Amino acid sequence: MSVLGIYGSGGAGRTFYDVASLTNEWEEIVYIDDTVEEGLYRGVLRMPYAVFKQRYPKENSKVIIAMGEPFYKKQIYEKVKTDGYSLGNIIHPSAYVSNRAVIGEGVFLHCGVCIGPDAVISDNVTFEQYATAAHDTKVGMHSQISAYVMIAGYSEIGSETYIGLHVPVKDKVKIGNHVVVSMGAVVMKDVPDLVTVFGNPARISAKREENELIFK
């Protein structure tokens, strides 16, 4: 029996569940949440990770991480991979993925997402509604791409980077690691590591620490 464990039962987790249910790929879908006791949540089994490991062997189970905070996404990814679990992908039926694109493990693509030819989407990345990664783009591990983001061709997004709602990224631009691009920013030139940018055109508003949380 194929099982998908959705790690996180907040808003992202419920969204992941809804889309996974549309794909008919999984015989059973459960929530993993270390902050609650085992039980039913909105009609779905929910349990701490320790219980999931006891109940669902890695040979026929996969995990996907439903969290928007890149720092926690990375922590949980490393834990799950250390325990030998593979990560599953959830791709909405309306998403378009070129057959020449490369998609990693644990990727979530919501409705209307478009991934162009020769794009590379790394492990544990989320694309929310109607976001686009054009041809030859690259997105690093554990990054979060919000709704209506438009990443133009040959651009690169670093690891553990968060891009807010309605952000256009110019072609051939490189955005670094551990970056926050604020909602509505217009990214016209390269962005270094460990900064927050905002505005039109996007400019640096603050420096960041490597493990600094976005959602405080």
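Above this text is the structure in question.
Bear in mind that the values here come from a model prediction, so they are computed numbers and not experimental data. (Residues numbered from 1 in each chain as written. Predicted model: local features only at pLDDT ≥ 70, side-chain atom pairs only at ≥ 80, totals over all residues. Heavy atoms only, no water.)

Asker: What exactly am I supposed to notice about the nonpolar core here?
Answerer: Here is a general trend for soluble globular proteins: nonpolar side chains tend to be buried in one another's company. Ranked by internal contacts, the top residues of the largest apolar core, which has 30 residues, are Ile115, Phe127, Ile145, Ile175, Val181 and Val187. Beyond its immediate sequence surroundings of up to four residues, Phe127 is in contact with Phe108, Leu109, His110, Val113, Ile115, Ile121, Thr132, Ala133, Val139 and Ile145. Grouped together as the second largest cluster of nonpolar side chains are 16 residues, Tyr7, Val30, Tyr49 and Val51 included. (Core = buried A, V, L, I, M, F, W, Y, C linked by side-chain atoms within 4.5 Å. Buried < 20%, exposed > 50% of the residue type's maximum accessible area, 1.4 Å probe, protein only. Contact = heavy atoms within 4.5 Å.)

Asker: For this particular structure, what's the right way to read helix H3 (residues 70-82)?
Answerer: Along an α-helix, residues three or four positions apart point the same way, because every turn accommodates 3.6 residues. Taking 1.5 Å of rise per residue, the 13 residues of H3 would be expected to cover 18 Å, and the 18 Å separating its terminal C-alpha atoms lies within 8% of that figure. Within H3, the full set of buried residues consists of Pro70, Lys73, Ile76, Tyr77 and Val80. The buried residues of H3 occupy an angular sector of 130 degrees when the element is viewed end-on, so they sit on one face. Backbone geometry just after H3 places Gly84 at a positive phi near 90 degrees. (Helix = DSSP H or I, 4+ residues; strand = E, 2+ residues; numbered from the N terminus. Expected span 1.5 Å × (residues − 1). Arc of directions from axis to C-beta.)

Asker: Looking at this model, I keep getting lost on the packing of aromatic side chains. Mind explaining?
Answerer: One pair of aromatic rings is described through two measures. These are the centre distance and the angle between the planes. Under the definition given, this model contains ten aromatic pairs. Judged by centre distance (3.9 Å) and plane angle (10 degrees), the rings of Phe16 and Phe108 are stacked. Here Phe16, found in helix H1 (residues 11-23), pairs with Phe108, found in strand E10 (residues 108-109); they are 92 residues apart in sequence, far enough to count as distant. Of the two residues, Phe16 and Phe108, both sit in the buried class. (Phe/Tyr/Trp six-rings, centres within 6.5 Å; stacked < 30°, edge-to-face > 60°.)

Asker: Whenever I open this one, the layout of surface pockets confuses me. Can you help?
Answerer: Empty pockets left among the atoms are what a rolling probe the size of a water molecule brings to light. In this structure, the largest pocket spans a volume of roughly 150 Å³. Classifying every residue of the lining of the largest pocket gives six nonpolar, five polar and two charged. (1 Å grid on protein atoms, 1.4 Å probe; cavity = no way out; pocket = protein on both sides within 12 Å on 5 of 7 lines; lining within 4 Å. Points joined across faces, edges and corners; volume = space filled by probe spheres on them. Nonpolar A, V, L, I, M, F, W, Y, C, P; charged D, E, K, R; others polar.)

Asker: Sorry if this is basic, but what is going on with the environment of Ala206 here?
Answerer: Considering the arrangement of structural elements, one finds Ala206 in strand E24 (residues 203-207). Here Ala206 falls in the partly exposed class, since its relative accessible area comes to 32%. Separated by 101 residues in sequence, Ala206 and Glu105 place their C-alpha atoms 32 Å apart.

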